[in-house]
Amino acid sequence: MNYHVAKKCENMKIPIKYDKKFNKIIKIVTILTGVFSLVYIILLMLPQEATDALNSAIIPIILLGNGSIPVFLLCLALLISSSLYLARLKKNTFEVPESRRDYDNDLAKLPRKQVVENRYASDSQKAFYLSIIMYGFAIIFDIVYFVRWRKYVSDSMVLFFMLIFGHLLFIIVGGFIKKQEDTEKYADDVDVRSDKKPRMNIVEASWILIVMGLVAAFTILTANTMTDYIYKSRNSSYDETIDDFKAKATLEISSTNLKDGKWDLEITNTSSDNGENNLSPQISFSRVQGAEYYVIYMVDETANNWVHWLATDIRETELRAGANKDKYAEDESFKYIGPYPPVGSGDHTYTVYVYAMKGKPDLDMELEFDQSFLGPDDFYYDYLNIAEQGDINTYGNVIEYGYISGVFGR
């Protein structure tokens, strides 16, 4: 060794990354945060009645729970990293330190039985093989994306090549890591190296590749979501606003209960005995050629689409007022509750939609009633209009639709 290299070695200080003290502390913190995270997850799974008993204590529990999970994951990563580092020290014949301060945080000052170097050079090759495997999985999912969408969206070709090009990063990073198996230029983090560069250990390389894998998964999911949106928008399956959706309505609807843009008291649920009101509105509309049945959907637009009328199997084109209390009184597919806006809340807009259907939607969905639910456009796109369900939804189950709208307030 020449003078300059020897001088450099003399001045170089290789820090001790972890000691037993740190490992014990991080182990305790990992266990505590892990237990708290588990309790928090269990609480989230409990029914609301059970959590209501905690009263005001639930808020700090939620705040601590939200914070404990990322802390647990971080501590777990540090516990794994420190445990493996101490194991490597021992395998390299070092005396595992209780505290780094006892040796001035200098690896060269740690007692050891014999000098061993580059014992973990093969880690670089292992990490390289791992990057190739992850690249292979990314390519498989890229191909699945392309096969799924190439028939439907021409733009998928561009996104496919972008994914392929972006995922080459696995090969680039893997190649960089593989270079570090050169024992002439690199040494392990548990070696008292001279002029050599530090080699990335298998734990560090694995964390980097895991993060890259998560990013790759996110890009593939994003590509599928974007392409799905493009497909639906081009097939008239998405509108920008509810007004755009209403502009496409063609089915003419009328109601004798709607006068000068206002719903009369007969259809409301504001009487104490509900004897003279809470009647479903009189409604009539044109028969649509090819329609097997009709769906009626009435929402309070002012109250975030609060559902007041949900009738999913109507076979006639005219219903008299109060059909919910006579002809359809026992029909589970016919549900109605009249407008009952809070006193002093001003006028609410109540809109009745009628959808002419070819057949039953090919999608299972639990339909909500007397609560806030889907907007009439989302109800149409995400449920009613799906005629065939599969990898790509086939639309066209709704032949025609229309609406009437009015206000009521008290």
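Just above sits the structure.
This is a predicted model, so every value here is computed, not measured.

**Q** Looking at this structure, I do not really get the packing of aromatic side chains. What am I missing?
**A** Any two aromatic rings considered together are summarised by their centre-to-centre distance and by the angle between their planes. Taken as a whole, this structure holds 24 aromatic pairs when the rule is applied. Aromatic pair Y328 and F334: ring centres 4.6 Å apart, planes at 15°, arrangement stacked. Note on accessibility: Y328 and F334 belong to one class, buried. Ring geometry for Y355 versus Y380: centroids 6.4 Å apart, planes at 20°, classification stacked. Taken together, the positions of Y355 in strand β11 (residues 348-357) and Y380 in helix α10 (residues 376-384) put the pair 25 residues apart, joining distant regions of the chain. Judged by its relative accessible area of 0%, Y355 falls in the buried class. Taken together, the ring pairs connect F245, Y297, Y353, Y355, F379, Y380, Y381, Y383, Y401 and Y403 into an aromatic cluster. Lying across the ring of Y120, R88 places its NZ or CZ 5.9 Å from the centre.

**Q** Explanation requested: helix α2 (residues 20-45) in the structure shown.
**A** Spacing of three or four residues puts side chains on the same side of an α-helix, whose turn is 3.6 residues. End to end, α2 covers 37 Å across 26 residues, agreeing with the expected 38 Å (1.5 Å per residue, within 8%). Taken together, the buried positions of α2 are occupied by N23, I26, T30, T33, G34, S37 and Y40.

**Q** What's the story with the pattern of salt bridges in this structure? I'm lost.
**A** Side-chain pairs of opposite charge can arise where the charged atoms are in close proximity. Per the counting criterion, the structure on display carries 17 salt bridges. Linking D19 and R100 is a salt bridge whose minimum nitrogen-to-oxygen distance equals 3.6 Å. With D19 in the loop between α1 (3-11) and α2 and R100 in the loop between α4 (58-91) and α5 (122-149), this residue pair connects regions lying 81 residues apart in the sequence. Residues D189 and R88 are paired through a salt bridge, measuring 2.9 Å at the closest nitrogen-oxygen approach.

**Q** I'm lost on a nonpolar patch on the surface in this one. Help?
**A** Residues L76, I80, L84, W207, I210 and L214 make up a contiguous nonpolar surface patch of about 500 Å² in total accessible area. Of all the elements in the fold, those that place two or more residues in the nonpolar patch are α4 and α8 (202-234). Looking at where I210 falls in the secondary structure, it is placed in helix α8.

**Q** Which parts of the structure should I look at to understand the sheet that holds strand β3 (residues 253-254)?
**A** Each strand in a sheet pairs with another by means of backbone hydrogen bonds, the pair being arranged parallel or else antiparallel. If you walk across this open sheet you meet the three strands as β3-β6-β9, and the pairing is antiparallel. If you trace the sheet from one side to the other, it starts and ends with β3 and β9 (318-319), each paired once. Bridge analysis of strand β6 (residues 283-285) against β9 gives two bridges, and the strand direction is antiparallel. When the sheet's bridge partners are listed, I283 is paired in β9 with L319.

**Q** Could you clarify how one ought to interpret the environment of V295 in this entry?
**A** Looking at where V295 falls in the secondary structure, it is placed in strand β7 (residues 293-300). Residue classification places V295 among the buried positions, given a relative accessible area of 2%. When the C-alpha positions of V295 and R234 are compared, they lie 25 Å apart, and in sequence the two are 61 residues distant. Setting aside residues up to four positions removed in sequence, V295 forms contacts with A311, T312, Y353, V354, Y355, M357, F379 and L384.

**Q** What is the right way to look at the side chain of D142 in this model?
**A** Within the secondary structure layout, D142 lies in helix α5. There is no salt bridge for the buried D142, and the closest opposite charge comes from R148, which lies 12 Å off by N-O distance. Excluding anything up to four places from it in sequence, D142 contacts F160, L163, I164, H167 and I220.

**Q** Whenever I open this one, the nonpolar core confuses me. Can you help?
**A** The nonpolar side chains of a soluble globular protein tend to be buried with one another. In this structure, Y297, Y355, F379 and L384 are the most contacted members of the largest nonpolar core, which totals 34 residues. Breaking this core down by element, the ones donating at least two residues are α5, α6 (156-166), α8, β7, β8 (306-314), β11, α10 and β14 (398-408). It is α10 that contributes the most residues to this core, five residues altogether. The residues contacting Y355, other than those within four sequence positions of it, are F245, Y293, Y294, V295, Y297, P376, F379, Y380, L384, V398, E400 and Y401. Residues W263, F285, I296 and L319 belong to the second largest nonpolar core, which totals 25 residues.

**Q** Whenever I open this one, the pairing of β8 confuses me. Can you help?
**A** Each regular strand shows side chains that alternate between the opposite faces of the sheet. In the sheet, β7 pairs with β8 via six bridges, with the strands oriented antiparallel. If you follow Y294 over to β8, its bridge partner there is I314. Between β7 and β8, which follow one another and run antiparallel, lie five residues, and N304 among them has a positive phi close to 55°. Sheet topology places β8 next to strand β10 (residues 334-336); three bridges connect them, and they run antiparallel. If you follow W309 over to β10, its bridge partner there is Y336.

**Q** Explain unusual backbone geometry here, please?
**A** With glycine set apart, most residues show a phi of negative sign, and most peptide bonds adopt trans. A positive phi angle, near 60°, is found at N278, a position not held by glycine. For N278, the location among the structural elements is in the loop between β5 (262-263) and β6. At N305, a residue that is not glycine, the phi angle is positive and equals roughly 60°. Tracing the backbone through its elements, the reader meets N305 in the loop between β7 and β8.

**Q** Could you clarify how one ought to interpret the packing of α5 against helix α7 (residues 169-178) in this entry?
**A** Packed helices, taken two at a time, are described by their axes: the angle between them and the distance between them. Direction vectors running N to C along α5 and α7 enclose 175°, while the axes themselves pass 8 Å from each other. Compared by their axis directions, α5 and α7 come out roughly antiparallel. Residues S124, A127, F128, S131, I132, M134, Y135 and A138 of α5 touch α7, and the partners they reach there are F170, I171, G174, G175, I177 and K178. Here the residues of the contact of α5 with α7 sort into nine nonpolar, four polar and one charged.

**Q** What exactly am I supposed to notice about the side chain of T351 here?
**A** Position of T351 relative to the elements: it lies in strand β11. Here E301 takes part through its side chain, which lies 3.0 Å from a polar atom of the side chain of T351. Within the structure, T351 has its side chain in polar contact with the side chain of S405 (distance 2.8 Å). Setting aside chain neighbours within four positions, we find T351 in contact with K246, Y297, M298, V299, E301, Y403, I404 and S405.

What counts, and at which threshold
- Residues numbered from 1 in each chain as written.
- Predicted model: local features only at pLDDT ≥ 70, side-chain atom pairs only at ≥ 80, totals over all residues.
- Heavy atoms only, no water.
- Phe/Tyr/Trp six-rings, centres within 6.5 Å; stacked < 30°, edge-to-face > 60°.
- Buried < 20%, exposed > 50% of the residue type's maximum accessible area, 1.4 Å probe, protein only.
- Helix = DSSP H or I, 4+ residues; strand = E, 2+ residues; numbered from the N terminus.
- Lys NZ or Arg CZ within 6 Å of the ring centre and 35° of its normal.
- Expected span 1.5 Å × (residues − 1).
- Salt bridge = Lys/Arg side-chain N within 4 Å of Asp/Glu carboxyl O.
- Patch = residues over 30% accessible without salt bridge, like charges linked within 9 Å, V, L, I, M, F, W, Y side chains within 5 Å.
- Areas by Shrake-Rupley, 256 points an atom, 1.4 Å probe, with all protein chains shown as cover.
- Pairing = 2+ DSSP bridges.
- Contact = heavy atoms within 4.5 Å.
- Lys, Arg positive; Asp, Glu negative; His and termini not counted.
- Core = buried A, V, L, I, M, F, W, Y, C linked by side-chain atoms within 4.5 Å.
- Axes fitted to C-alpha atoms, helices over the stretch in contact; angles between N-to-C directions.
- Parallel < 35°, antiparallel > 145°, perpendicular 65-115°, else oblique.
- Nonpolar A, V, L, I, M, F, W, Y, C, P; charged D, E, K, R; others polar.
- Polar contact = N/O pair within 3.5 Å; in protein donor to acceptor, adjacent residues only side chain to side chain.

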